[in-house]
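This is what each chain is made of:
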Amino acid sequence: SRVEQKPPVYGAKGRIYSFLPAKAGSGATTLALNLAGAISRLDKTRVLLSDLDLSSGILRFLLKIRNEHAIMEAVEHLQELDENLWQQLVTTIGKLDVMHSGPMNPNVRVDPAQVHDLDQFWLRNYDCVCVDLSGNLERYSLEIIRDSQQVFLVCTAEVPSLHLTREKLAFLKTLDLDNRVSVVLNRVSKQSLLTPQQ
């Protein structure tokens, strides 16, 4: 009864870094994977790499993960989610924990409130969480972006990619989320029509 009167408060200790591609093939997944891997090599730093591209996540393939447990299983078991259950759901590679998106399922629906609760669990248990997003700006993706300390909007120097970067940045500005966004220009060639300044 005392716990019900005064429930425990768990403080968040970590930070979320989201990777949002301007368009498919921009390299956001590669950047998320490499940054998470680099940070996981720091002493006393717990790092999670989570694939929230539920329509075409590729981390499972890239890392040759055989664990069948995926992000939706964590969402479905939020009420009983603890460290023991969590360790069954994630795959540990070196010092990096990875939660993949599971098999392709276009019909999957995710409640943004559930994603918020899940990312609060992450923040209590990890120093750093790198989240690979689809780029479609689903409602649950926007929830992750709201809880992120930094959002990397990844584009290339191709005009369609730059156009979509501008569109997404303008949309995030309407939600007052643009102040945490950094644009990452990936794969610039010497023969590019546009300079980095442009």
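Scroll up to find the structure.
Residues numbered from 1 in each chain as written. Predicted model: local features only at pLDDT ≥ 70, side-chain atom pairs only at ≥ 80, totals over all residues. Heavy atoms only, no water.

Novice: Explain the nonpolar core here, please?
Specialist: Membership of the largest hydrophobic core comes to 36 residues, with the highest contact counts inside it found for Leu52, Trp86, Leu118, Trp122 and Ile145. For this core, the element with the highest residue contribution is helix H6 (residues 112-125), accounting for five residues. Beyond its immediate stretch of four places on either side in the chain, tryptophan 122 contacts Leu48, Ser50, Leu52, Ile71, Trp86, Val129, Val131 and Ile144. Of all hydrophobic cores here, the second largest spans 17 residues; its members include Ala28, Ile39, Leu59 and Ile65. (Core = buried A, V, L, I, M, F, W, Y, C linked by side-chain atoms within 4.5 Å. Buried < 20%, exposed > 50% of the residue type's maximum accessible area, 1.4 Å probe, protein only. Helix = DSSP H or I, 4+ residues; strand = E, 2+ residues; numbered from the N terminus. Contact = heavy atoms within 4.5 Å.)

Novice: How do you make sense of the side chain of threonine 45 when you look at a structure like this?
Specialist: Position of threonine 45 relative to the elements: it lies in the loop between helix H2 (28-40) and strand E2 (47-51). Given the relative accessible area of 17%, threonine 45 is considered buried. One polar contact links the side chain of threonine 45 to the main-chain carbonyl oxygen of aspartate 43, over a distance of 3.0 Å. (Polar contact = N/O pair within 3.5 Å; in protein donor to acceptor, adjacent residues only side chain to side chain.)

Novice: Looking at this model, I keep getting lost on the pattern of salt bridges. Mind explaining?
Specialist: Between side chains of opposite charge, pairing is possible as soon as their charged atoms come close. Summed over all chains, the structure comprises three salt bridges. The salt bridge involving aspartate 97 is made with arginine 46; its shortest N-O contact spans 3.5 Å. Here arginine 46 lies in the loop between H2 and E2 and aspartate 97 lies in strand E4 (residues 96-99), a separation of 51 residues in the sequence. When its relative accessible area of 6% is taken as the criterion, aspartate 97 is described as buried. (Salt bridge = Lys/Arg side-chain N within 4 Å of Asp/Glu carboxyl O.)

Nothing here speaks to function; it is geometry throughout.
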